[in-house]
Structure formats: structure tokens, C-alpha cells
Amino acid sequence: MEESLRFDQPEFIITAPELIRAMERMGVGLIITNPNLPDNPVIYVNQGFKEMTGYEAEDVLMRNCRCLQGPDTSAEDLKKIKLAQTERRAETVTLKNYRKDGTPFWNQLTISPVFGESGELLYFIGLQFDITKEVEEKENSSRRIRQLAFFDSLTGLLNMSHFKTELEKQLQEDIPCAVIRLNIDRFRYINESYGDKVGDSLLLEAAERMKQAAGKDGILCRSFADDFIVLLKPEKCSRYHIHMLARMLADALHKPHYYKNEEIRLSYSIGISMYPDHGNEGFQLLNHADLALKKCKQENIGEPYWFHFSLLDQINKRIEMEKKLPKALENEEFELYFQPKCGGSPEMPLAGAEVLLRWNDPEQGLVPPMDFIPIAEENGFIIRLGEWILSESCRLAKAWQEEGYPKIPVSVNVSAAQFKHPHFIDMVEHALVSSGLEPKYLELEVTETMLNDPVVIKEKLERLRSRGIKISIDDFGTGYSSIHYLKTLPIDILKIDKSFVQDTPMSKQDSALLVSIIQLGKSFGLTVLAEGVESKSQLEFLAASGCDLIQGYYYSRPLNREAMEQLFRKSMGQALI
Ligand code: C2E
Ligand code: CA
Ligand code: CA
């Protein structure tokens, strides 16, 4: 049978010197104090204590160990220790302690009382663990969390929620201040052309420059992406001063940025609102500055733009209109008008008609297209509306042909959003098939500004053209890189914008320009049409300059269906009804 182990065997007995040696070698600090002597002095420290604190035994023996404490050792934790000592029980605290050389460390200290055989308190034993690394890691991560909670990680500026808190604080002081919102124009293109990294470094530089420009009077925030907000609280807070400061911000931003020796210049839209003129609450000032910013961007104002209360009326009107547009389509309030085009000779034979949309709003009467089409373009309703215009135009054109009227092409204006829509070609196809109109009688008018994505555009235009549909460039001369488009894109007709016709033939300069545009179009083999022809002298000048087609009030204003049919009959030599 196996001999059972007994604890009184010599192998199990540790002698006092061995025990002391074991205590000495413990990997942690050990300290023993005697609470029965005045001021509870240290009577033993082990090697671990010496390594942890840098103190030798003779530095601390017979002294209270408060030499480890410093100015920011937590008083509350010291109190806990004191209380445990008085109540003769164990306690654990984490203290900020100081080594002999003055450097701090974090000490997780557990004290325990040691009692004699008759229950009398003999000592306190303190076990010390150096947990400096753990505490610092925790502090770092909570600092990082705080940083994320309050600051933008890219620029280090305040984030939106923290900025709002700062703004509220400022408003409580009831002193005039201003909220400036800045947005970089077309920043998406920077990211797309140069990559996100370059985009980020530009944003960082922009933030730095704004900080410099705003100085001590500004609190800056990056609210999202390329959108910044500045709370300005200069001593002199007049509109003039704020405007000047906003300009300084804009100038700082507009200075060129450099990327691989390439100069990149950013432009900005800026909206301003002011406390208390434009609102008492933070959210109002932010919204109002945002409205001003949007207006600035939309209208390319190029100057810091101030909020004014009539902007709210415009917004309300716009919201009303947005709601009304789909109903107007359902209630058949839209109507197609037609502006005839004629050959550019003095006989002016009818050569086509441009479809122009009208809205018969029961409340406002006839609403011009420029008042609602841009809204429909922005909110996407143009897709449904444009589909209706296309199919209605084809349907009417076919109906006229079946009624025996002259076969002329109808041209339909196409918005950028509509053209970019992935199903645009299908919509056109559907309009043609369901009406039965031959594609050669349909023209689509696109504008130069829509042509800034030549690769996608070219493919779509070619598909339309291969069906026999004709393509016109509308408002020619008002966009940019015109010649480039003429060279690379499949186009049939060039419609010269009315601004070039307006002052001809009186203005020599405009007349010369007009002639050269006509020649340019012809040199590319295009049919050239002049818009906005209002007088006989304009017509004669254009005819003499070789312009193929004419459109304008001189020949006819836009006509409703009935009036257009009358014109058809007139052109066919029939009596007017
Ligand atoms: P646009 O395509 O340049 O259309 C020509 C505009 O010039 C029309 O204005 C027309 O009435 C006007 N106009 C015609 N002849 C003369 C003239 O001799 N003198 C002057 N001063 N103006 C003349 P409207 O009908 O108010 O249309 C304005 C714009 O609205 C159009 O410009 C076009 O961009 C847009 N639009 C009109 N209908 C539609 C449509 O069905 N779809 C789309 N997407 N846009 C449309
Ligand atoms: Ca047009
Ligand atoms: Ca036009």
C-alpha cells in the first residue's frame, strides 16, 4: 500500500530563514508594517519592493511608507486604506505612487492584517503589484474613445455633436456670434481623379488653413466629408467683420494646393447666419447657414452668402411645388407646346417643331418650365415627367402624320438626369414603338453641359443614332470645350444659343461671332440652327450667312396643339379655321 503523505514530514516543513528567502524572491513587492508602533512604520520590505520603488530597506525602515505618495495620489483611496487599518481588515486599492527618483508608477496594493494567537493585531502585510502598463493602456484607449466621440479623426477638428454642444454654450452667453458653413465645390471629382488619399490630405490642409485664418476667434468643426462649420465670436461682431473673416477663410482655402507639382485649386461655397439676427437656437443657426450655403452653391455666387428669411419662403414654395408635380402629372395639368422651326431662307418653309413643356397649374396659372423643371431635375421627378413628354411627343407626331399633316421631325429636350438614367434608351425605344413613329422623325436635344462624361455619352448617343434618331446640341456656345464635343461626338444638329443672335446684325462683334459659329458647324458637316430669331434683319443675316434653320418669335412663338395644327394647315396652303 502506498505510504500516505503527512505534513509533519521534514520535506513539508519550511524553516523561518527559508520562508524569508521565499518572501525576498517573490516577483511582487512585499511590505510589512507594525501598527502597534507610532505612525505604523515599515518593519520589512522585500527585494520586489526595492526593485519597484528604487528605495533601499534603510530608506524606508522605521518610517511610514507615505514617502511613496505624491501630490496626485488619490486621497479617497488613502482614506480607504486608513479605514481598513482602523477596522483591522483587508483592502485593495490602486494608488499612483512615486519611486525614489520621483517617477510615478501605478501600485495595486492589497493590505491584510496579521493577528496573534489571542487575536491581537500584530502587523499589516502589503502586497504591491506594478500595474503601470495596464493603467496606461486603459487611459490611452479611453483617450482614443474620447477623441473619437468629440473630434473628427482625419482633421482633429471638433465633430458635429461636440460642435453643437460648444455652440449651445456660446449662445447661453447671449453675445452676438456667427455660424459659417463651408463646402468644397465638386470635391467628389478630386477624390475620383486623384484618389481618396490626395482628397484626405487636401481636407487636412484645408482644415489647417482655416484654423490659421479663424485664429482665436473661431471654433472649427468638420461636420462630414467636405463640409466645415466655423463658429466665429470676434470681439467686434458686426456683419462687416464677419463677412471679412468669412472672406479670409475663403481666401485661405482658395490658395493653390500642390500635388506632385500639379496645382489644385479648390473653390468653396459659403453660407452665414448670425446670432441673434437669424435665430436664437443652435439648430436654427446651423440650418439657416446651410440654406444660405445651398443658395450660394446653386447660383454659383462665389462670395460668402448671408441667410435671409425670404430664403425660407423660397424653400417652402419649392417644397410645395415638389409635392404638386406628381399630382399635376396625374391630373393631366402638363401640356405640350410646339415651337416651329423653319428653313433659313426668306420663304421659311416649316421644317420641324421643338416640344416645350407647359404646366397649367389650377392655382398659379401657366407656370414656365424654368420654374419647375430644375426642381424636377433635382428631385428625380424628371425621369417620370420626361418619359411622359417623350411618349406624348411621339404619339402626337404620329397622330399628325396620320391626319395628313406634313411629316416634320419633333425635337424633345432631354435633361441630364434623364439622359444618364440607365433605362433612358429603353424609354425612347418604348415611346417610338408604342406610337409607331419612325425614328427619323424624332430629335433629341442635349446640352453641352451634359456632355462632360464623353465616354458614357458617346456610347449612348451612338446607340440612339444607330436607330435613326437625330441628335441636337442645344444652347451651343454657352457651355465649354464646344469644339471638342463637335469633333468627338455623334451629332447632327447644332442649335446656336439665342444670346449670339440677340444683338445681330447691329453688333459687329456678335455678327462676326455668329458667322464663325455657323461656319464651324458647317465644317463639321452639321445642320446649323439659330435660336431666338426675333426680327426680319436677324433672319436675313442668318440666311445670308448660310444658317440652315431658324427658330424664334419672328417665325412663331411656341404654340399649343390646336395652334400648331392651324400652322400646319397654313403651311399646306389651306384656309385657316
Ligand atoms: P430651350 O430648350 O433653350 O428652349 C427655348 C426657349 O427659348 C423656350 O423657352 C422658348 O419659348 C424660348 N424662345 C423661343 N424663341 C424665342 C425668341 O425668339 N426669343 C426669346 N427670348 N426666347 C425664345 P421656354 O419654353 O420657357 O423653355 C425654357 C427652357 O425650359 C428650355 O430652353 C428648356 O431648357 C426647358 N424645357 C422646356 N421644355 C422642356 C422639356 O420638355 N423637357 C426639358 N427637359 N426641358 C424643357
Ligand atoms: Ca431646346
Ligand atoms: Ca435652347
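The model shown is predicted, which means the values in this text are computed figures rather than measured ones. For every chain, the first residue of the written sequence is number 1, and numbering continues from 1 onward in sequence order. Starting at A for chains and at 1 for ligands, labels are handed out in the order in which the entities are written. Confidence filtering applies because this is a predicted model: local features only for residues at pLDDT of at least 70, side-chain atom pairs given and counted only at 80 or more, and all residues used for totals across whole chains, interfaces and linings. No hydrogens and no water enter the side-chain calculation; it runs on all heavy atoms of the structure.

**Brief notes about the packing of aromatic side chains**
- The aromatic pairing rule takes the rings of Phe, Tyr and Trp, using the six-membered ring of Trp, and pairs them if the centres are within 6.5 Å, calling planes under 30 degrees apart stacked, those over 60 edge-to-face and the rest tilted. Per the stated rule, a full pass over the model turns up nine aromatic pairs.
- Centre to centre, the rings of Phe338 and Trp400 are 4.8 Å apart; their planes meet at 70°, and the pair counts as edge-to-face. With Phe338 in strand β13 (residues 334-343) and Trp400 in helix α13 (residues 382-402), the pair connects residues that are 62 residues apart, well separated along the chain. Take Phe338 and Trp400: they sit in the same class, and that class is buried.
- Ring centres 5.6 Å apart and planes at 80° place the aromatic pair Trp359 and Phe372 in the edge-to-face group. Highlighted residues: Trp359 in strand β14 (residues 350-361) and Phe372 in helix α12 (residues 369-379), separated in sequence by 13 residues. Both residues of the pair, Trp359 and Phe372, belong to the buried class.
- Among the aromatic side chains, those forming a connected cluster through ring pairs are Phe338, Trp400, Tyr405 and Phe568. Here a helix means four or more residues in a row that DSSP labels H or I, a strand means two or more in a row labelled E, and each is numbered from the N terminus. When a residue's accessible area, from a 1.4 Å probe over protein chains only, is under 20% of the maximum for its type it is buried; when over 50% it is exposed; and in between it is partly exposed.

**Comments concerning the coordination of the calcium ion (ligand 2)**
- Donors, by definition, are the N, O and S atoms found within 2.8 Å of a metal, the threshold being 3.2 Å for Na, K and Ca, and water is not counted, so a site can look incomplete. The protein atoms that coordinate the calcium ion (ligand 2) are Glu354 (OE), Asn413 (OD1), Glu445 (OE) and Asp474 (OD), at distances spanning 2.1 to 2.3 Å.
- Spacing between the donor residues of the calcium ion (ligand 2) along the chain follows E-x58-N-x31-E-x28-D.
- Separating the calcium ion (ligand 2) from the calcium ion (ligand 3) is a gap of 3.9 Å, which Asp474 spans by donating to each of them. One end of the pair, Asn413, is in strand β16 (residues 410-413); the other, Glu445, is in strand β17 (residues 442-447), with 32 residues separating them in the sequence.
- When its relative accessible area of 28% is taken as the criterion, Asn413 is described as partly exposed.

**Some thoughts on the pairing of β13**
- For β13, the buried fraction is high: nine of the 10 residues fall into the buried class.
- DSSP bridges decide pairing: two strands pair if at least two such bridges lie between them. Across nine bridges, β13 lies against β14 in antiparallel orientation. Note that in β14 the partner of Leu336 across the bridge is Leu357.
- With antiparallel pairing between neighbouring strands as the criterion, β13 and β14 make up a hairpin whose turn holds six residues, including Met348 at a positive phi of roughly 50°.
- Of the pairings in the sheet, the one linking β13 to strand β21 (residues 549-551) comprises three bridges and is antiparallel in character.

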